[in-house]
Amino acid sequence: MTVQKQLGFWLAAFAGAIFFLYLFADILLPFVAALALAYLLDPLADRLERLGVSRLGATLLILLLFVLVFVVVLVVVLPLVVREITAFLALLPSYVLRLQELVIDRGAPFLEYLGVETTGQELQRSIGEMVQGGAGYLVTLIGTLVASGQTLVSVFSLLVLTPVIAFYLLIDWDRLVATVDGWLPLRHRPTIRRLAREMDEVLSRFVRGQATICLILGAFYAVTLALVGLNFGALIGMTAGLLSVIPYVGTLTGLILSVGVAIVQFWPDFAWVLVVLGIFLFGQFVEGYFLQPKLLGGAVGIHPVWLMFALFAFGSLLGFVGLLLAVPLAAMVGVLARFGLSRYLESSFYDGGVVGAERRAREDEHG
């Protein structure tokens, strides 16, 4: 098979996969979630097998524990989180208006220097309308999502079908991998296996390491903000931890929300605002200098900019399914891009035959 035919085949396969994902994006959520769950739990099942537990027993034990933890979180934690979110959204307009008043009162000279009118009701009316419009949009959006039949179907399928699909995937995981391995073209099988191992290493290290980082940061922010008495501190801390999967987004979101709430709550006692600011600076320091080097290392290979682009791009195209697929696809594309770049640097397209000519000249000189 010529290079052109091989390239055409792989491009057609890639285009077919993208079209399949786009066409069935509305029903793929439980399958993608189950695939991710089986991938994450397969090393634990392998370890239990090495201890003498059968594959069926290991799969049943792992999924039983996972479902038990999930149900406890759903019954105990979720109502508290929903109540906190509802209360926070209800008070959000008043927080923003209070911040507006503080900015106008304390920063009036600076705003007037910039040419912003601080006297009169024009500025207050504009910001008030903006806040009311934003709050109304959030309420409408949440109501639409809750009332949407597609949302209810997605939640039902995620809660009911995902464990069932994950059970069958996990119990047959090794056989599925061996079957796919048998389909690989014989000539390129060693190269494809090497690339697959690199993808697996990058993806497993990133997902497990980043998940651990998110849990540690979420717990740290939630506990410390609650201890200093910040309103909705636990909610803001957990949100910052969960959003830490996107580099800098979680920290910035938590910092803006917590400092804004702290200013409204503690003003004019500015010391507590500095304490809240210090919590996030300390968390960012620990993440950058201890957690990421220890849990992720320097060989993960997913650049933060590329990760953010993948999350937004696939999320925009495929919704929540795209968010689940963004990290593995980003890791795969990164490995393939590095492989293609290495092949390009070794080819005559890069050096134009100069390296080969120099090597032949040295051989002639020594010959």
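Within each chain, residues carry numbers counting from 1 in the order of the written sequence. Only residues with pLDDT of at least 70 get local features here, since the model is predicted, and only at 80 or more are side-chain atom pairs given and counted; chain-wide, interface and lining totals rely on the full set of residues. Working from all heavy atoms in the structure, the side-chain values ignore hydrogens and water.

Here we look at the overall build of the chain
Okay, step 1: When its secondary structure is counted, the chain shows 15 helices and 0 strands.
Okay, step 2: For the chain, the exposed area adds up to about 23300 Å²; of that, 73% sits on carbon and sulfur atoms. The numbering of helices and of strands both runs from the N terminus, where a helix is a DSSP run of H or I of at least 4 residues and a strand a run of E of at least 2. In short, Shrake-Rupley with a 1.4 Å probe defines the accessible areas, and a residue's cover is counted only from the protein chains shown.

Digging into the nonpolar core
Okay, step 1: By size, the foremost hydrophobic cluster in this structure holds 32 residues, and its most contacted members are Leu41 and Leu63.
Okay, step 2: Of all the secondary-structure elements, those providing two or more residues to this core are α2 (29–50), α3 (55–106), α6 (149–171), α8 (189–227), α12 (304–318) and α13 (320–346).
Okay, step 3: It is α2 that provides the largest number of residues to this core, a total of 7 residues.
Okay, step 4: If we skip the residues at most four places from it in the chain, Leu41 touches Ile62, Leu63 and Leu170.
Okay, step 5: What makes a nonpolar core is a set of buried Ala, Val, Leu, Ile, Met, Phe, Trp, Tyr and Cys residues whose side-chain atoms join them at distances within 4.5 Å. For every residue, the accessible area obtained with a 1.4 Å probe (protein chains only) is divided by the maximum for its type, and the residue is called buried under 20%, exposed over 50%, and partly exposed between those limits. Counting 22 residues, the second largest nonpolar core, distinct from the first, contains Tyr221, Ala240, Val259 and Val276. Residue contacts are counted whenever heavy atoms from the two residues lie within 4.5 Å of one another.

What about the packing of aromatic side chains?
Remark: the centre distance and the inter-plane angle together describe each pair of aromatic rings, the angle taken between the planes.
Okay, step 1: Pairing of aromatic side chains here covers Phe, Tyr and the six-membered ring of Trp, requires ring centres within 6.5 Å, and sorts the geometry by plane angle: under 30 degrees stacked, over 60 edge-to-face, intermediate tilted. Applying the stated criterion across every chain, the model contains 11 aromatic pairs.
Okay, step 2: A centroid spacing of 5.4 Å and a plane angle of 80° characterise the contact between Phe88 and Phe232, whose relative ring orientation is edge-to-face. Within this pair, whereas Phe88 is found in helix α3, its partner Phe232 is found in the loop between α8 and α9 (233–243), the two being separated by 144 residues in sequence.
Okay, step 3: Judged by its relative accessible area of 11%, Phe232 is buried.
Okay, step 4: Geometrically, the ring pair formed by Phe220 and Tyr221 is tilted, given 5.6 Å between the ring centres and 55° between the ring planes.

Notes on the packing of α9 against helix α10 (residues 249–266)
Okay, step 1: For every element, the axis is a line fit to its C-alpha atoms; helices are fit only across the contacting stretch, and the angle between N-to-C directions ranges from 0 to 180 degrees. Following both chains from N to C, one finds α9 and α10 inclined at 165°, their axes separated by 7 Å at the closest point. One way to sum up the angle between α9 and α10 is to call them roughly antiparallel. Considering the relative orientation of α9 and α10, their crossing is right-handed. For the pair formed by α9 and α10, the contact residues are Ile236, Ala240 and Leu243 on the first element and Val249, Gly250, Thr253, Gly254, Leu257, Ser258 and Val261 on the second.
Okay, step 2: Residue polarity is assigned by list, with Asp, Glu, Lys and Arg as charged and Ala, Val, Leu, Ile, Met, Phe, Trp, Tyr, Cys and Pro as nonpolar; anything else, Gly included, falls into the polar class. Within the contact of α9 with α10, the residues separate by chemical class into 6 nonpolar, 4 polar and no charged. Should an angle fall under 35 degrees it is taken as roughly parallel, and over 145 as roughly antiparallel, whereas 65 to 115 is taken as roughly perpendicular and any remaining angle as oblique. Handedness of a crossing is defined here by the sense of rotation of the near helix relative to the far one, left-handed for an anticlockwise turn of less than a right angle and right-handed for a clockwise turn.

Section: the side chain of Thr224
Okay, step 1: Tracing the chain through its elements places Thr224 in helix α8.
Okay, step 2: In protein, a polar contact means a hydrogen-donor-capable atom and an acceptor-capable atom, both N or O and within 3.5 Å, with residues adjacent in sequence counting only if both atoms are side-chain atoms; elsewhere, any N or O pair within 3.5 Å suffices. There is a polar contact of 2.6 Å between the side chain of Thr224 and the backbone oxygen of Phe220.

Looking at the environment of Val82
Okay, step 1: For Val82, the position within the fold is in helix α3.
Okay, step 2: Along the primary structure Val82 and Leu235 are separated by 153 residues, whereas in three dimensions their C-alpha atoms are 9.7 Å apart.

A closer look at α12
Okay, step 1: For a helix, the expected span equals 1.5 Å multiplied by the number of residues minus one. Between the first and last C-alpha of α12 there are 21 Å, a value that for 15 residues agrees with the 21 Å anticipated at 1.5 Å per step.
Okay, step 2: Those residues of α12 not exposed but buried are Leu307, Ala310, Leu311, Phe314 and Leu318. Seen end-on, α12 carries its buried residues on one side only, within an arc spanning 100°. Facing away from the buried side of α12 by over 90 degrees, the exposed positions are Val305, Phe309, Phe312 and Ser316.
Okay, step 3: One or two positions beyond α12, positive phi appears at Gly319, with a value near 70°. The arc in question is traced by the directions running from the helix axis to the C-beta atoms.

Concerning the packing of α2 against α8
Okay, step 1: Remark: α2 packs on α8, axes separated minimally by 11 Å, with the N-to-C direction vectors making an angle of 95°. Taken together, α2 and α8 sit at an angle that is classed as roughly perpendicular. Residues Tyr39, Leu40 and Pro43 of α2 pack against Asp200, Leu203, Ser204, Val207 and Arg208 of α8.
Okay, step 2: Partitioning the contact of α2 with α8 into residue classes produces 5 nonpolar, 1 polar and 2 charged.

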